[in-house]
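# Chain and residue survey
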Amino acid sequence: MSKLVIRGRRRLHGEVTIGGSKNSSVAIIPAALLGDGTSILENIPRISDVAVFAEILKDLGAVVTMDGTTMTVAPNGFVSHIAPYELVRKLRASYYLMGVLLAKFGEAEVGLPGGCDIGPRPVDQHLKGFRALGADVNVEGGVVKLKAKKLVGAPVYLDFPSVGATINIMLAASRAEGITVIENAAKEPHVVDLANFLNAMGARVQGAGTDVVRIRGVKNLTGASHTVIPDDIEADTYMMAAVATGGDVTVKNVITKHLEPVTAKLREAGATIEENGDYVRVIGPERPKALNVKTLPYPGFPTDAQQPLVAVLSRSEGVSVVQESIYENRLGYVSELVKMGAKIRVEGRTAIVEGVPRLVGAPVKANDLRAGASLMIAGLSAEGVTEVYGLEIIARGYEMVDEKLRSIGADVEVRPD
Amino acid sequence: MAEFEETRFFKVKPDREEETREIILKVYMALKEKGHNPVSQIAGYLLSGDPTYITSHNNARSLVRKVERDEILEELIRAYVREAKAM
């Protein structure tokens, strides 16, 4: 175990380059198993969730190699429909193996997934989709068992626009017979990125990025080359770090459209943001203004950016109200911010943030990935030394975070816990 | 002020149409060079507004955002009708 030690109150300045999207990668890597040939995936982030997924694929018999940010997946030895439980429980996105294994073998056994503890995230919408395609679904002893003689395309209406269910149904339907129509589908950028990869493999997916996705199943998919889109949440995090420290940071390799919900709110908070092609320059104010924010499915304000934003607002002028509408338990980290002098009250799923002029460094613990990002930002803007315990959790989604922060002037170091 | 007494011809809109046409062609070629189905990818972009559909190859992703989606659609319809009438 290790911790990130931050000496705060330094204005961040310079350029930081964003890596590939975590959320895209963890859907695209297992999707590569659907092809009959080798896939080459570029701009894969160097994060631990990706490393775990590579191990899972190897356990299933595939040959996986990583060279810098390029991953090669050769599914020639891929023979098992049973996902290794010890690895599966380590990350939430392992549930995409359900759709992949079902499409490839007509059966799948996948343990219910792990991931961050941010409240119940049931997979009922995923299972509803598999059933609609003709699969028998049984959940026994924490393991989802799926079996289908033949998958047949069908209409599926999602009760809410679940990203996981949309992706899992797309994966399963890619090789089903006939047409599957997902209504009330999630519109997140990584849904589109996966559709692009599947189409490059020979699938016929249309409408991704809208609320109706149509998948015309094909018999076989090939391997393909694909470049993963930049990580919007990593970009959001560095933008917020710039605002929190009154800095001047250029965030490179981004798709500015994907950052719009956060860009709009940071401008409201007093930041100056210049967008140009594939980068944004963020100049933070002396103190941010208070905001009212509610998390919503894309293109609304992302739930993954809620925790980092609350750290920024801890030092705002005025009272902010931040409503978490996606997950039930995503405000647990607030008690750690309070240790640093933040004045935040939680009522149900709402954080009421009374801005204070200064935060003070303290030892704090990251209990989930984005909570870690929040504490990191608080530490960067706080006086004195902040020790963020649980760096491994932050490394699940942020590549080389200490190096990237140092490159823009932060005083941070990794130390053993 | 004599210079303004002459009748002058302002050609603003056609230039924009020309720019839109050039962007569509450049984006099309970039997608083709990267092995995508350009028609399907551009259709996906027009429907969803998500630049993820457009490759970053040859700066196509930045380029496509220089014109609004409705301008691209209008140009596509104009070109289609022109072509259909000529047949």
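Now for a quick tour of the structure. (Residues numbered from 1 in each chain as written. Chains lettered and ligands numbered in written order. Predicted model: local features only at pLDDT ≥ 70, side-chain atom pairs only at ≥ 80, totals over all residues. Heavy atoms only, no water.)

This paragraph deals with the sheet that holds strand 22 (residues 385-389) of chain A. Residue and element names in this part refer to chain A. Read from one edge to the other, the open sheet built from four strands follows the order 21-22-1-23, with strand pairing classed as mixed. Each having just a single partner strand, strand 21 (363-365) and strand 23 (411-416) make up the two edges of the open sheet. On average, adjacent strands in this sheet sit at an angle of 25° to one another, irrespective of strand direction. Where strand 1 (residues 2-7) lies against strand 22, five bridges are found, and the strand directions are antiparallel. Paired with Lys3 across the two strands is Tyr389, which belongs to strand 22. Along the sheet, helix 12 (residues 369-381) contacts strand 1, strand 21, strand 22 and strand 23; its crossing angle with strand 1, the most-contacted strand, is approximately 30°. (Pairing = 2+ DSSP bridges. Helix = DSSP H or I, 4+ residues; strand = E, 2+ residues; numbered from the N terminus. Axes fitted to C-alpha atoms, helices over the stretch in contact; angles between N-to-C directions. Contact = heavy atoms within 4.5 Å.)

In this section: the packing of aromatic side chains. Residue and element names in this part refer to chain A. In the structure shown here, the tally under the stated rule is one aromatic pair over all chains. Look at Tyr95 and Tyr96: their rings are 5.0 Å apart centre to centre, the planes differ by 65°, and that puts the pair in the edge-to-face class. Comparing Tyr95 with Tyr96, the two get one shared label, buried. (Phe/Tyr/Trp six-rings, centres within 6.5 Å; stacked < 30°, edge-to-face > 60°. Buried < 20%, exposed > 50% of the residue type's maximum accessible area, 1.4 Å probe, protein only.)

The next subject is the interface of chain B and chain A. Interfaces are often sized by the accessible area lost when the parts come together. Facing the eleven residues of chain B at the interface are 18 residues of chain A. Interface area for chain B against chain A, summed over the two sides, is near 1200 Å², with a carbon-plus-sulfur share of 49%. Looking at the side of chain B facing chain A, the largest losses of area belong to B:Thr52, B:Tyr53 and B:Arg65, adding up to 39% of the total buried there. Linking chain B to chain A there are one salt bridge. With a closest N to O distance of 3.2 Å, A:Glu260 and B:Arg65 form a salt bridge. Across the contact surface, chain B and chain A share seven residue pairs in polar contact (both at pLDDT 80 or more). For the side of chain B that touches chain A, the secondary-structure elements that each account for two or more residues are helix 2 (38-48) and helix 3 (60-64) of chain B. The dominant element in the side of chain B that touches chain A, judged by the number of residues it contributes, is helix 2 of chain B, at three residues. (Buried area = accessible area lost by both parts, 1.4 Å probe. Salt bridge = Lys/Arg side-chain N within 4 Å of Asp/Glu carboxyl O. Polar contact = N/O pair within 3.5 Å; in protein donor to acceptor, adjacent residues only side chain to side chain.)

Backbone hydrogen bonds hold the strands of a sheet together, and the pairing may be parallel or antiparallel. Residues and elements named next belong to chain A. Read from one edge of the open sheet, three strands run 6-8-7, paired in antiparallel fashion. Bordering the open sheet on either side are strand 6 (107-111) and strand 7 (136-140), each of which pairs with just one other strand. Geometrically, the sheet is characterised by an average inter-axis angle of 15° between neighbouring strands, direction not taken into account. Pairing between strand 7 and strand 8 (residues 143-147): five bridges, direction antiparallel. Pairing of Asn138 across the sheet is with Lys145, part of strand 8. Across the face of the sheet, helix 4 (residues 96-105) comes into contact with strand 6 and strand 8 while running at roughly 160° to strand 6. Where helix 5 (residues 124-132) meets the sheet, its contacts fall on strand 7 and strand 8, and the angle it forms with strand 7 comes to roughly 145°.

Residues and elements named next belong to chain A. Topologically, Val218 is positioned in the loop between strand 12 (212-216) and strand 13 (225-227). On the basis of relative accessible area, Val218 is assigned to the buried category, the value being 16%. Considering only alpha carbons, one finds Val218 and Ser174, 44 residues apart in sequence, at a separation of 6.4 Å. The residues touching Val218, leaving out its near neighbours within four places in the chain, are Ser174, Arg175, Ala176, Gly202, Ala203 and Arg204.

Turning next to the environment of B:Ser56. For B:Ser56, the location among the structural elements is in the loop between helix 2 and helix 3. As a C-alpha pair, B:Ser56 and B:Glu83 span 27 residues in sequence and 30 Å in three-dimensional space.

Residue and element names in this part refer to chain A. Of all the eleven residues making up helix 6 (residues 163-173), eleven are buried; the element is thus mostly covered by neighbouring parts of the structure. Buried residues of helix 6: Val163, Gly164, Ala165, Thr166, Ile167, Asn168, Ile169, Met170, Leu171, Ala172 and Ala173, and no others. Measuring from the side-chain oxygen of the N-cap residue of helix 6 to the backbone nitrogen of Gly164 gives 3.5 Å; that N-cap residue is Ser162.

Here we take up the pattern of salt bridges. Across all of its chains, the model carries 38 salt bridges over all chains by this definition. Across the salt bridge formed by A:Lys265 and A:Glu268, the nearest N and O atoms sit 3.2 Å from each other. Linking A:Lys265 with A:Glu268, this pair stays in helix 9 (residues 256-268), spanning three residues, or about one helical turn. Classification of A:Lys265 by relative accessible area gives buried; the value is 17%. A:Glu268 gets classed as partly exposed once you look at its relative accessible area, which sits at 44%. Note that B:Arg16 and B:Glu71 form a salt bridge whose closest N and O atoms lie 2.7 Å from each other. Here B:Glu71 lies in helix 4 (residues 69-86) and B:Arg16 lies in helix 1 (residues 13-33), a separation of 55 residues in the sequence.

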